[in-house]
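# Examining the three-dimensional arrangement
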Amino acid sequence: MKTLDKIPTHKIERAGQLVKTGLKVGGNYIAYYGEKVINPGLTKDKLNENNAEDIYDGLKNLKGSALKVAQMLSMEKNIMPKAYVEKFSLAQFSVPPLSAPLVRKTFKNYLGKYPEQLYDSFTPDSINAASIGQVHKAAKDGKNLAVKIQYPGVAESISSDLAIVKPFAIKMFNLQGKDSEKYFKEVEHKLLEETDYELELKQGQYIAEACSAIPHLRFPKYYKELSSQRILTMDWMEGEHLSEFTAHNTNREKGDQLGQAMWDFYMYQMHVLRQVHADPHPGNFLVDENAHLIAIDFGCIKQVPEEFYKPYFELAQPEVINNPQLFHEKLFELEILRADDSPKEIAYFTQLFHQLLSLFTQPFHGDFFDFSDEIFFGKIAKMGEEFSKDTQLRKMNGNRGSKHFLYINRTFFGLYNLLHDLKARVHTKDFEKYCISSM
């Protein structure tokens, strides 16, 4: 794979790359509509493929928050066209890596030494490359190590990248007024946290120790003396990425075991730790030869404040969803309904969220849930398609919900998709026994 000797870090350079990508996409649309005049039955499949290719090619050399957004979008299987999901999923662990000279320069800048001075052995070529950093294999004192190196300039370019994306997001999601700023600040804050590898080390150590009682779940050990703000050293964990495992696995018992470990892991974090691994994509999990789940990335951890936690999970209870007064109260507590809403807006969003939550919270309504259920996921896909075509929804003020929804909803959408890929059958209350033992 081609390596990169330089990453654009200046605001003007990065904006120019995005403008160039936009022009390519515009050209694709012109070609599509020109061909459609001759062939009225032409679908958008080829247009989506071309756009996905050009957008990904434009973002992969920028790295950072621009590519991170593509990675996040690749998890929206029920909303994004298939071509975008397939192409953007490459951002999870397969993008052009830094060249060996740039890697050595990064080590010298942040640890004061070159990699060959710090480790007994160090592979100059990366094993995996993603949106914010790439991973190399190393060894020291008889231990195999994974060394994550952050791309130069990523942290410094987050704010300017988001400023470029912001006008498009406001138009796409019909965000109105100053209140929309809270959503952009939340994304900016979490992305900046993801670039702080010293914080990731602390988060990884804390969650690994707190969740140690959950069976079939493993974590790497971190090495502070070989880490810095931009370099992170941990144990090398043998296994294949979750997406690779699900592509060939036909053993339902293994899928169930992994799914149960994943469900218990997330529920324990959410209900006991009140903080959660908010980046559940296949590149952040490995599967070992014993069908144990290995969590390897703790850069994106979302704190769950009590004032959000309580009404959020109360809305997962059928007795609340089906009680109009209680349901109404919770929608206001979670800022889904607003004091300045018109009666029409209140009626519309109450009905919309009742429909959405009645479906999406079904895994919480009993002691067992089968995530291989194609009917359930088919309903979610159909609902997403209906919302995307709802002209009334596009006219409504899009500032809906607490800022905490961004990462908590992302967590659950990602979790559901991973469990679906595993075809896991999960005992939804099993995690509670680990909660009791922790108290």
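Our subject is the structure that appears above.
Once a new chain begins, its residue numbering starts again from 1 and follows that chain's sequence as written. The predicted origin of the model limits local features to residues at a pLDDT of at least 70 and limits the giving and counting of side-chain atom pairs to 80 or more, whereas totals for whole chains, interfaces and linings rest on all residues. To obtain the side-chain values, all non-hydrogen atoms of the structure were included, while hydrogens and water were left out.

### Observations concerning the overall build of the protein chain
Runs of H or I in DSSP of at least four residues are treated as helices and runs of E of at least two as strands, each being numbered from the N terminus. Helix and strand counts for the protein chain come out as 19 helices and 13 strands. Expressed as a percentage of the 439 residues in the protein chain, the buried residues total 51%. Any two residues whose heavy atoms approach within 4.5 Å are treated as being in contact. In the protein chain, once contacts between residues fewer than 6 apart in sequence are set aside, the share between residues at least 24 apart is 72%. Of the roughly 20800 Å² that the protein chain leaves accessible, carbon and sulfur atoms contribute 56%. Only protein chains enter the area calculation, which uses a 1.4 Å probe; residues under 20% of their type maximum are buried, those over 50% are exposed, and those in between are partly exposed. Here, Shrake-Rupley sampling with a 1.4 Å probe gives the accessible areas, and only protein chains in the shown set may cover a residue.

### A short note on the environment of A139
You can see A139 is positioned in strand β3 (residues 133-140). Exposure remark for A139: the relative accessible area of 15% places this residue in the buried category. Spatially, the C-alpha atom of A139 lies 6.0 Å from that of Y119, the residues being 20 residues apart in sequence. Those residues in contact with A139 that lie beyond four places of it in its chain are Y119, D120, S121, N144 and L145.

### Here's the deal with the nonpolar core
Most often, soluble globular proteins keep nonpolar side chains buried together rather than apart. Each nonpolar core is a collection of buried residues, namely Ala, Val, Leu, Ile, Met, Phe, Trp, Tyr and Cys, held together in the definition by side-chain atoms within 4.5 Å. Counting 90 residues, the largest nonpolar core has F265 and F412 as its most contacted members. Broken down by element, this core gets its largest block of residues, ten residues, from helix α11 (residues 252-273). When near neighbours in sequence (up to four residues on either side) are disregarded, F412 contacts M267, M270, Y312, F313, F360 and F364. Of all hydrophobic cores here, the second largest spans seven residues; its members include I158, V187, A278 and C300.

### A closer look at the sheet that holds strand β5 (residues 217-218)
Taking strand neighbours across the sheet as the criterion, the four strands line up as β5-β10-β9-β7 in an open arrangement whose pairing is mixed. In this open sheet, the two edge strands, each paired with only one partner strand, are β5 and β7 (240-241). Pairing between two strands requires that DSSP report at least two bridges joining them. Summarising the sheet, strand β9 (residues 285-287) and strand β10 (residues 293-295) pair through three bridges and their orientation is antiparallel. For V287, the partnering residue across the bridge sits in β10 and is L293.

### Quick notes on the packing of aromatic side chains
Note on aromatic pairs: the rings of Phe, Tyr and Trp (six-membered ring only in Trp) are paired at centre separations within 6.5 Å, and the planes decide the class, stacked below 30 degrees, edge-to-face beyond 60, tilted for the rest. Under the defined criterion, the tally for this structure stands at 28 aromatic pairs. For the pair Y266 and F285, a centre-to-centre distance of 6.5 Å together with 55 degrees between the ring planes defines the contact as tilted. Taken together, the residues Y266 in helix α11 and F285 in strand β9 connect sequence positions 19 residues apart. Both residues of the pair, Y266 and F285, belong to the buried class. Seen in terms of ring centroids, F369 and F371 are 4.8 Å apart; in terms of plane orientation they differ by 65 degrees. Their pairing is edge-to-face. Take F369 and F371: they sit in the same class, and that class is buried. Residue placement shows K148 over the ring face of Y197; its charged tip is 5.0 Å from the ring centre. Sitting over a ring, as applied to charges here, requires NZ of Lys or CZ of Arg to be within 6 Å of the ring centre and within 35 degrees of the ring normal. Sitting above the plane of the Y309 ring, R274 keeps its charged end 3.5 Å from the centroid.

### Topic: the pairing of β3
In this sheet, β3 lies alongside strand β1 (residues 121-122) in antiparallel orientation, the contact comprising two bridges. Directly across from F122, in β3, lies its bridge partner A138. Hairpin connection of strand β2 (residues 128-129) to β3: three residues between the antiparallel strands. Bridging between β3 and strand β4 (residues 143-150) involves eight bridges; their strand directions are antiparallel. Bridge assignment links H136 to a residue of β4, and that residue is V147. Between β3 and β4, which pair antiparallel in sequence order, lie two residues; one of them, D141, sits at a positive phi of approximately 55 degrees.

### Notes on the pattern of salt bridges
In the sections that follow, a salt bridge refers to a side-chain nitrogen of Lys or Arg positioned within 4 Å of a carboxyl oxygen of Asp or Glu. Scanning all chains against the criterion turns up 18 salt bridges. Of the charged contacts in the structure, one is a salt bridge between E314 and K310, with a shortest N-O distance of 2.9 Å. Here K310 and E314 lie together in helix α12 (residues 306-314), a separation of four residues that amounts to about one turn. Residue class for K310 comes out partly exposed when judged on its relative accessible area of 44%. Across the pair E333 and K330 runs a salt bridge, and its minimum N-O distance is 3.1 Å. Note that E333 and K330 are positioned in helix α14 (residues 324-333) at a spacing of three residues, about one turn of the helix. Using a relative accessible area of 10% as the deciding quantity, one classes K330 as buried. Linked through salt bridges whose partners overlap, the residues forming this network are K310, E314, K330 and E333.

### Some points on the packing of α11 against helix α18 (residues 405-422)
Running from N to C, α11 and α18 point in directions that differ by 165 degrees, and their axes come no closer than 9 Å. The pairing of α11 with α18 is recorded here as roughly antiparallel in orientation. Viewed along their axes, α11 and α18 form a crossing whose handedness is left-handed. For the pair formed by α11 and α18, the contact residues are G255, L258, G259, M262, W263, Y266, M267 and M270 on the first element and I408, T411, F412, L415, Y416, L418, L419 and L422 on the second. Note on residue categories: nonpolar means Ala, Val, Leu, Ile, Met, Phe, Trp, Tyr, Cys or Pro, charged means Asp, Glu, Lys or Arg, and polar means any other residue, Gly included. Its residues assigned to classes, the contact of α11 with α18 comprises 13 nonpolar, three polar and no charged. Axis definition: a line fitted to C-alpha atoms, limited for helices to the stretch in contact. Angles are taken between N-to-C directions and run from 0 to 180 degrees. To sort the angles, those under 35 degrees are grouped as roughly parallel, those over 145 as roughly antiparallel, those from 65 to 115 as roughly perpendicular, and the leftovers as oblique. By definition, turning the near helix anticlockwise from the far helix through less than a right angle yields a left-handed crossing, and turning it clockwise yields a right-handed one.

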